[in-house]
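# What the coordinates show
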Amino acid sequence: MLEGRRISDRYKVLHLIGGGGMSHVYLAHDMILDREVAIKVLRYDFKNEEELLRRFQREALSVTSLAHLNIVGIYDVGQDEDIHYIVMEYVEGQTLKEYIQQRSPIPVQRAVDIMLSLTNAISHAHDNHLIHRDIKPQNVLMTTDGEVKVTDFGIAVTLNATAYTQTNSVLGTVHYLSPEQARGGMATKKSDIYALGVVLYELLTGELPFYGESPVAIALKHLQEDTPSVREKYSYIPQSVENVVLKATAKDPLHRYNSVEEMEQDLRTVFSPERLRETKFELPIDDDATKAMPVIKPVFPKVDDPPTKRVAAVPIEEDDDDEDVLVVPPKKNVERSRDEQEPPAVKTKKSRSPMVVGIVIGCLALLALLAFLVPSLMKPEKVTVPNVVELPLEEAIEQLEQQGFMIGDERERTSDTVKEGHVIETSPAAGKEVDEESEIDLVVSTGVEKTSVANYVGQNVDQVMNILKDRSYSGVSVNEEYSNEREGTILAQSPVAGEQVIESETRLTLTVSKGSNTARVANLAGYGQSALEEYARSSGFNINVAREEHSDTVEKGDVISQTPSAGSSLEVGSTINVVRSKGPEEKAAKTFVQVISIPYEVVETEPEEEEVTEEGSEEEVEETTDTPAVPQKIRIYVQDRVNTMAKPIEEFDITETTSHRIRLEVEEGTEATYRVLRDNEVIIEETVSYDDL
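None of these values were measured; they are calculated from a predicted model. (Residues numbered from 1 in each chain as written. Predicted model: local features only at pLDDT ≥ 70, side-chain atom pairs only at ≥ 80, totals over all residues. Heavy atoms only, no water.)

### Observations concerning the overall build of the protein
Each helix and strand in the protein was counted, giving 13 helices and 34 strands. In the protein, of all internal contacts separated by at least 6 residues, the share reaching a separation of at least 24 is 64%. (Helix = DSSP H or I, 4+ residues; strand = E, 2+ residues; numbered from the N terminus. Contact = heavy atoms within 4.5 Å.)

Below, the structure is given as structure tokens:
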């Protein structure tokens, strides 16, 4: 790992943020321009592999020619000793694959917006004569603002390079591979269009169109099966949107969009009113398509043909091309020429002594008979080899020795049918007649053949499962667990590599990485107890209250700060430590008691006029008793450490001037105020400072 290292005395590597098949990506700090960058470094184990190094350099050279809002920018390319690197724009966010997994299915409008950005970016690449060849959600980054940026042009090629043959391999991800690439053909602009159609399918449904047990099975489905209907999964998707998927993923490139620009224009109009009743996209019918024809077999001559025309035929054989071949032997001449006719018989003279000749012949025959019989009579007696096949070795040897045989060589051989330590066969074989005391060679079983378990750790599980199809294991189990290794990487295996096993009796267990189980930490500032509990339940993180502190700005019980900070990537199940508020720290306070006099306001009434009698004399009016005092409403408001002016602390009526005690608690560094209202009129108001007490 390169954490902490300075590359080219300019880029300080901070930490690893991702990686792929041939490189690692680090977050680094550009010390000259004082900015965060992403730096892609070729893996150490590939630095000596020329093909991967060329591909890495090709990515650097190809992407430097691109400048587009939706393509990750390239800042610098270089080499520091044995480190080959590309400095890129750092995009804070997530991949489109993660976005789909978290939010699928994506709303149709949002899916179309994302595709418009993608098609615009790929169109720019095509305009610069560059084919991506590996378009997939994993190679699309999403910023925190929702913008998309295409990255990883590691297997991109220029258009003038597509004619070269790629031997025995097809580059690209099989789930997004076009049919022509799956056949081993060259990649074109329309190969990128096919991949864009698969990405749109995945955005709309949250699934891939084709699944299979192996990459080969998936590739065959791309070749043979039609793209499933997105409207069958979600009927709310407009037909015009489904038509974009169907046209982009047509098997024949001739039936796809002519260019990415054409696909982009089609996407811009999918919600137009005139396309509301659009019919489903159908491929044109090809009357000239290749059809299966019956096999034409050779015609043999009829039995009733004239003899001069008949051909002597032998049975049909098969040659290397699996074609029927009629083998005709050469024609033989029936008649001989005169020169080849036998000469006339020559007469010989009769023997004059037939008796002598007969005696000589008889003697010779007798001598020959004696020469034949005497050796055979002198040979030892023949003995039949007993059948000791499938007997234990000790028992077989004992039986053979009892019958007078000598034990010869003992060889071992594996066998699926004969138990270990038992005899597979003898030489000479059982039932043969041999001389007494002959040597019998034995072939002994070592049991079923054992093989050494291969090392699958570190390999991709899909590739390994494809390899295991040719093995005879009784079964293969796959257990998944989270790890820092790339998703699909085999972490462990049982039996371990190198162990000798009988495959047909062994079940292979593979432990496979589910990828890093990480998530971004939310901003927990201001979260109360219930909110923290809900977040812990939904996110999978553990929340630990590390300590409590006083705060003048954060309410008591709410989160002040957290570790790790908001936005950090953290493995699910890890602990987030928070600091919780105890509220404002209590300050020193003084108690002040003020005795006030609340005056009663006397209301004067006008005297009554004297009453005049008819005679014009004034009559004295009798003096009346005093009118009772009218009650006056008193309200007292206090602003101190425990009270506010929002409502009165006391309310009462008075009918005369009254003394009253007011109690104030004045906090250090503050003031306290009291206010007295009489019938809604402020009659007393005073402010008391802590320092004055």
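### Examining the packing of helix H5 (residues 189–205) against helix H9 (residues 260–268)
The interhelical angle for the contact between H5 and H9, taken along N-to-C directions, is 30°, at an axis separation of 10 Å. When the axis of H5 is compared with that of H9, the two are roughly parallel. Where H5 crosses over H9, the two elements pack in a sense that is right-handed. Contacts from Ile193, Leu196, Gly197 and Leu200 in H5 reach Val260, Met263 and Leu267 in H9. Across the contact of H5 with H9, the residue classes tally to six nonpolar, one polar and no charged. (Axes fitted to C-alpha atoms, helices over the stretch in contact; angles between N-to-C directions. Parallel < 35°, antiparallel > 145°, perpendicular 65-115°, else oblique. Left-handed = near helix turned anticlockwise from the far one by under 90°. Nonpolar A, V, L, I, M, F, W, Y, C, P; charged D, E, K, R; others polar.)

### Section: the nonpolar core
Formed by 50 residues in total, the largest nonpolar core has its most connected members in Leu96, Met115, Leu118, Leu203, Leu204 and Met263. Mapped by element, the contributors of at least two residues to this core are helix H2 (96–103), helix H3 (108–127), strand E9 (140–143), strand E10 (148–150), H5, helix H6 (215–224), helix H8 (239–248) and H9. Each residue touching Leu203, except ones within four places of it in the same chain, is listed here: Leu96, Ile100, Pro105, Ile106, Ala111, Ile114 and Met115. Residues Tyr600, Ile662, Leu664 and Val688 belong to the second largest nonpolar core, which totals 17 residues. (Core = buried A, V, L, I, M, F, W, Y, C linked by side-chain atoms within 4.5 Å. Buried < 20%, exposed > 50% of the residue type's maximum accessible area, 1.4 Å probe, protein only.)

### Comments concerning the pairing of E9
Direction of pairing for strand E7 (residues 93–95) relative to E9: antiparallel, over a ladder of three bridges. Considered in E9, the bridge of Gln94 is made with Met142. The sheet contact formed by E9 and E10 spans three bridges and is antiparallel. Counterpart to Met142 in the pairing with E10 is Val148. Counting the residues in the hairpin turn of E9 and E10 gives four residues, including Gly146, whose phi is positive at 90°. (Pairing = 2+ DSSP bridges.)

### Brief notes about the sheet that holds strand E23 (residues 507–513)
By definition, the strands of a sheet pair up through backbone hydrogen bonds, in either a parallel or an antiparallel sense. Spatial ordering of the open sheet is given by E20-E23-E21, a layout of three strands whose pairing is mixed. Unpaired on one side and paired on the other, strand E20 (475–481) and strand E21 (490–494) mark the two borders of the sheet. Averaged over all adjacent pairs, the angle separating strand axes in this sheet is 20°, with direction ignored. Packed onto the sheet, helix H12 (residues 461–468) meets E20, E21 and E23 and runs at close to 165° relative to E23.

### Examining helix H13 (residues 529–539)
Three or four residues apart is the spacing at which side chains of an α-helix point the same way, because the helix has 3.6 residues per turn. Considered for burial, the residues of H13 that qualify are Leu532, Tyr535 and Ser539. Relative to the axis of H13, the buried residues are bounded by an arc of 65° and lie together on one face. Within H13, the exposed residues directed more than 90 degrees away from the buried face are Ser530, Arg537 and Ser538. The elements touched by buried residues of H13 are strand E24 (518–520), strand E25 (542–549), strand E26 (559–563) and strand E28 (575–581). (Arc of directions from axis to C-beta.)

### Re a negative patch on the surface
A surface patch of like charges, here negative, comprises Asp409, Glu410, Glu412, Glu420 and Glu439. No other element matches strand E15 (residues 406–413), which puts three residues into the negative patch. With respect to the helices and strands, the residue Asp409 is situated in strand E15. (Patch = residues over 30% accessible without salt bridge, like charges linked within 9 Å, V, L, I, M, F, W, Y side chains within 5 Å. Areas by Shrake-Rupley, 256 points an atom, 1.4 Å probe, with all protein chains shown as cover. Salt bridge = Lys/Arg side-chain N within 4 Å of Asp/Glu carboxyl O. Lys, Arg positive; Asp, Glu negative; His and termini not counted. Charge placed at Lys NZ, Arg CZ, Asp CG, Glu CD.)

### Overview of H12
Of the positions making up H12, those classed as buried are Val461, Val464 and Leu468. Within H12, the buried residues cover an arc of 60° as seen down the axis, which keeps them to one side. At its buried positions, H12 is contacted by E20, E21 and E23. The backbone nitrogen of Asp462 has a side-chain oxygen 2.9 Å away, supplied by the residue at the start of H12, namely Asn460. (Polar contact = N/O pair within 3.5 Å; in protein donor to acceptor, adjacent residues only side chain to side chain.)

### Comments concerning the sheet that holds strand E6 (residues 83–89)
Pairing within the open sheet is antiparallel, and its six strands lie in the order E1-E2-E3-E4-E6-E5. Since the sheet does not close on itself, it has two edges, and those belong to strand E1 (6–7) and strand E5 (74–80), each with one partner.

### Observations regarding a nonpolar patch on the surface
On the surface, Val360, Leu364 and Leu367 cluster together into a nonpolar patch covering about 290 Å² of accessible area. By the secondary structure assignment, Leu367 is in helix H10 (residues 354–378). What makes Leu367 exposed here is its relative accessible area of 55%.

### A short note on the side chain of Glu264
Looking at where Glu264 falls in the secondary structure, it is placed in helix H9. In this view, Glu264 contacts Leu116, Thr119 and Asn120; residues no more than four positions away in its chain are not counted.

### As for the packing of aromatic side chains
The tally for this structure, following the rule as stated, stands at four aromatic pairs. Summarising the aromatic geometry, the rings of Tyr11 and Tyr85 are spaced 6.2 Å apart at their centres and angled 65° between planes, so their arrangement reads as edge-to-face. Remark: Tyr85 occurs in strand E6 and Tyr11 occurs in strand E2 (residues 11–19); sequence separation between them is 74 residues. In this structure, Tyr11 and Tyr85 share a single accessibility class: buried. Centroid distance Tyr527 to Tyr535: 6.4 Å. Interplanar angle 90°. Geometry classified as edge-to-face. When its relative accessible area of 11% is taken as the criterion, Tyr535 is described as buried. The positively charged end of Arg35 is found above the aromatic ring belonging to Tyr75, 3.9 Å away from the centroid. (Phe/Tyr/Trp six-rings, centres within 6.5 Å; stacked < 30°, edge-to-face > 60°. Lys NZ or Arg CZ within 6 Å of the ring centre and 35° of its normal.)

### Some points on the pairing of strand E18 (residues 439–445)
Of all seven residues in E18, five are buried, a share of seventy percent or more. Relative to E18, E15 runs parallel, the two sharing six bridges. Across the sheet, residue Glu412 finds its bridge partner in E18, namely Val444.

### Concerning the confidence of the model for the protein
For the protein, per-residue confidence averages 80 on the pLDDT scale, and residues scoring 70 or more make up 78% of the total. Per-residue pLDDT stays below 50 along residues 156–171; that stretch engages in 29 contacts with residues further than four places along the chain or on separate chains. Within the model, pLDDT remains below 50 along residues 289–352, and this stretch shows 26 contacts once partners closer than five positions in the same chain are excluded. (pLDDT = per-residue confidence, 0-100.)

### Side note on the pattern of salt bridges
Scanning the entire structure with this criterion turns up 23 salt bridges. With a shortest N-O distance of 2.5 Å, Arg537 and Glu534 are connected by a salt bridge. Residue Arg537 and its partner Glu534 are both found in helix H13; the two are separated by three residues, about one turn of the helix. Owing to a relative accessible area of 61%, Arg537 belongs among the exposed residues under this scheme. Among the charged side chains, a network of salt bridges with common partners joins Arg10, Asp30 and Arg35.

### Examining the environment of Gly458
For Gly458, the position within the fold is in the loop between strand E19 (451–452) and H12. Put simply, Gly458 and Leu491 are 33 residues apart on the chain and 6.2 Å apart in space, counted from C-alpha to C-alpha. The contacts of Gly458, once residues within four sequence positions are left out, are Thr489 and Ile490.

### Observations regarding the environment of Leu508
Within the secondary structure, Leu508 sits in strand E23. The class for Leu508 is buried, based on a relative accessible area of 0%. Along the sequence, Leu508 and Gly475 sit 33 residues apart, while their C-alpha atoms lie 6.3 Å from each other. Beyond its immediate stretch of four places on either side in the chain, Leu508 contacts Val453, Tyr456, Leu468, Tyr473, Gly475, Val476, Ser477, Ser494 and Pro495.

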